[in-house]
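Structural overview
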Amino acid sequence: MRYANTKKVLVTGGAGFLGSHLCEKILDQGHEVLCVDNFFTGTRRNIAHLIDNPRFEMMRHDITFPLYVEVDEIYNLACPASPVHYQFDPVQTTKTSVVGAINMLGLAKRVKAKVFQASTSEVYGDPEVHPQPEEYWGRVNPIGFRSCYDEGKRCAETLFFDYYRQHKLPIKVVRIFNTYGPRMHPNDGRVVSNFIVQALKGSDLTIYGDGSQTRSFCYVDDLIDGFLALMETGPEITGPINIGNPGEFTMLQLAELIIEMTNSSSKIVTRPLPPDDPRQRRPDISKAKALLGWEPTVPLRAGLSRTINYFDHYIRN
Ligand code: NAD
Ligand code: UDP
Ligand code: UDP
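The following refers to the structure shown. (Residues numbered from 1 in each chain as written. Chains lettered and ligands numbered in written order. Predicted model: local features only at pLDDT ≥ 70, side-chain atom pairs only at ≥ 80, totals over all residues. Heavy atoms only, no water.)

Surrounding ligand 2, one finds Pro66, Leu67, Tyr68, Ile102, Asn103, Gly106, Leu107, Lys109, Arg110 and Tyr163. In this structure, an oxygen atom belonging to ligand 2 sits 2.6 Å away from a side-chain N or O atom of Tyr163. Taken by itself ligand 2 offers 510 Å² of open surface, and the protein chains cover 65% of this. Here the element with the most residues in the shell around ligand 2 is helix H4 (residues 90-111); it accounts for six residues. Residues that form the shell around ligand 2 fall into these classes: six nonpolar, two polar and two charged. (Near = heavy atom within 4 Å. Polar contact = N/O pair within 3.5 Å; in protein donor to acceptor, adjacent residues only side chain to side chain. Areas by Shrake-Rupley, 256 points an atom, 1.4 Å probe, with all protein chains shown as cover. Helix = DSSP H or I, 4+ residues; strand = E, 2+ residues; numbered from the N terminus. Nonpolar A, V, L, I, M, F, W, Y, C, P; charged D, E, K, R; others polar.)

Applying the stated criterion to the full structure yields 24 salt bridges. Residues joined by salt bridges that share partners form a network here, namely Glu122, Arg146, Arg215, Asp277 and Arg281. (Salt bridge = Lys/Arg side-chain N within 4 Å of Asp/Glu carboxyl O.)

Once that is clear, we can look at the packing of helix H6 (residues 191-201) against helix H8 (residues 251-262). Two elements in contact, H6 and H8, have axes separated by 10 Å at closest approach and are oriented at 40 degrees. Of the two elements, H6 crosses H8, and the hand of that crossing is right-handed. For the pair H6 and H8, the contacting residues are Val191, Val192, Phe195, Ile196, Ala199 and Leu200 in the first and Met251, Leu254, Ala255, Ile258 and Thr262 in the second. (Axes fitted to C-alpha atoms, helices over the stretch in contact; angles between N-to-C directions. Left-handed = near helix turned anticlockwise from the far one by under 90°. Contact = heavy atoms within 4.5 Å.)

To continue, consider the sheet that holds strand S11 (residues 241-243). Paired through their backbone hydrogen bonds, the strands of a sheet run either parallel or antiparallel. If you walk across this open sheet you meet the seven strands as S3-S2-S1-S4-S5-S6-S11, and the pairing is parallel. Across the chains shown, the open sheet's two edge strands, defined by having one partner strand only, are strand S3 (56-60) and S11. Sheet twist, expressed as the mean angle between neighbouring strand axes with direction ignored, is 20 degrees. Two strands pair when backbone bridges link them, and strand S5 (residues 114-120) and strand S6 (residues 171-176) are joined in this way by six bridges, in the parallel orientation. Bridging across to S6, Ala118 finds its partner in Val174. Running at roughly 155 degrees to S5, helix H5 (residues 147-167) makes contact with S5 and S6 of the sheet. Packed onto the sheet, helix H7 (residues 220-232) meets strand S4 (73-76), S5, S6 and S11 and runs at close to 160 degrees relative to S6. (Pairing = 2+ DSSP bridges.)

Considering only enclosed or pocket space, the second largest pocket measures out at about 190 Å³ in volume. As for the second largest pocket, its lining consists of Val123, Tyr124, Glu134, Tyr136, Trp137, Arg154, Glu157, Thr158, Arg175 and Pro240. At three residues, the largest contribution of residues to the lining of the second largest pocket is made by H5. (1 Å grid on protein atoms, 1.4 Å probe; cavity = no way out; pocket = protein on both sides within 12 Å on 5 of 7 lines; lining within 4 Å. Points joined across faces, edges and corners; volume = space filled by probe spheres on them.)

Structure, rendered in structure tokens:
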């Protein structure tokens, strides 16, 4: 039996880094969670602490196949997010974004659920507008190594807005900027996890290119608060809306900060820059501030400290 204001919430990609934090927060609010994941990059370890909760259910399923369940809200997060993983099987990456979106939108239409899409700052590609506002259409290579992810996510946004216009579906689209925190996969190749693991193990920190490219890093708790705030809004607010932390750092600054914070004897080495690697990235979050009253609260140093503790514990166990 479910209480009157308990929602049943589907989280696809719920065993991943962001998904596991989202499942946890939704359960904390007293709702039921159906976590759907094919365990491509997600792990049972990420959700092990939720399994005994009677309001949590886990289903192994690939969203490129139809899914018939009864839910009130859908958060669609399923998709590998790190370049190493999304380029491993690029056709499956595009299918997950495009066919997966069609299935989740079809499901939302049938059960009349609000549906949320985890889009990405990658829709802006290698941007010539800085910082990036939502109105900017982006500069994306349609045939490069990153295209399976970038174009897949762009097409998913198209589908969300066509279901909104054509079927009056309540949609919520966020464009997530680089996010870090506990439960990132230690080998997933993203810069924060790579540098921390390298520093803790005393190996060289691998900077791609000359390290002058920039990113803006958001701590996971801030990001999830933004997701929940957007989902609470009325149907007139669809997004796309940037969620991220506008603090901008070069990869060299990030490497030096992590070496200092871990007290590591590691050295910095350079490796070739991957193709189409964006030169700079920083969110314009004026919309999130105005529409959601949201802004990030965790500075990089504080977030890194929690993340370093997590990886330190992970490596030792
Ligand atoms: P992640 O790789 O940790 O999580 C993705 C999850 O989706 C994993 O658990 C994986 O097993 C699952 N998955 C992949 N393909 C699937 C499929 N076909 N069917 C079912 N499950 C599938 O990555 P994350 O960082 O948690 O990213 C979550 C979402 O947020 C992704 O959609 C990603 O594109 C988006 N995003 C993340 C960031 C970031 O910085 N973390 C930035 C921009 C966008
Ligand atoms: N779908 C699903 N679960 C549902 C309803 C639909 O997975 O509960 C999938 C189904 O595979 C379908 C897709 O969503 O192909 C799109 O559904 P929609 O109703 O929009 O279109 P149609 O059924 O006409 O293709
Ligand atoms: N990067 C790096 N060393 C690494 C991993 C990544 O210098 O070990 C760089 C990468 O080339 C990019 C930035 O860090 O310029 C962010 O990379 P990440 O894969 O985390 O995210 P994305 O490129 O998707 O923003």
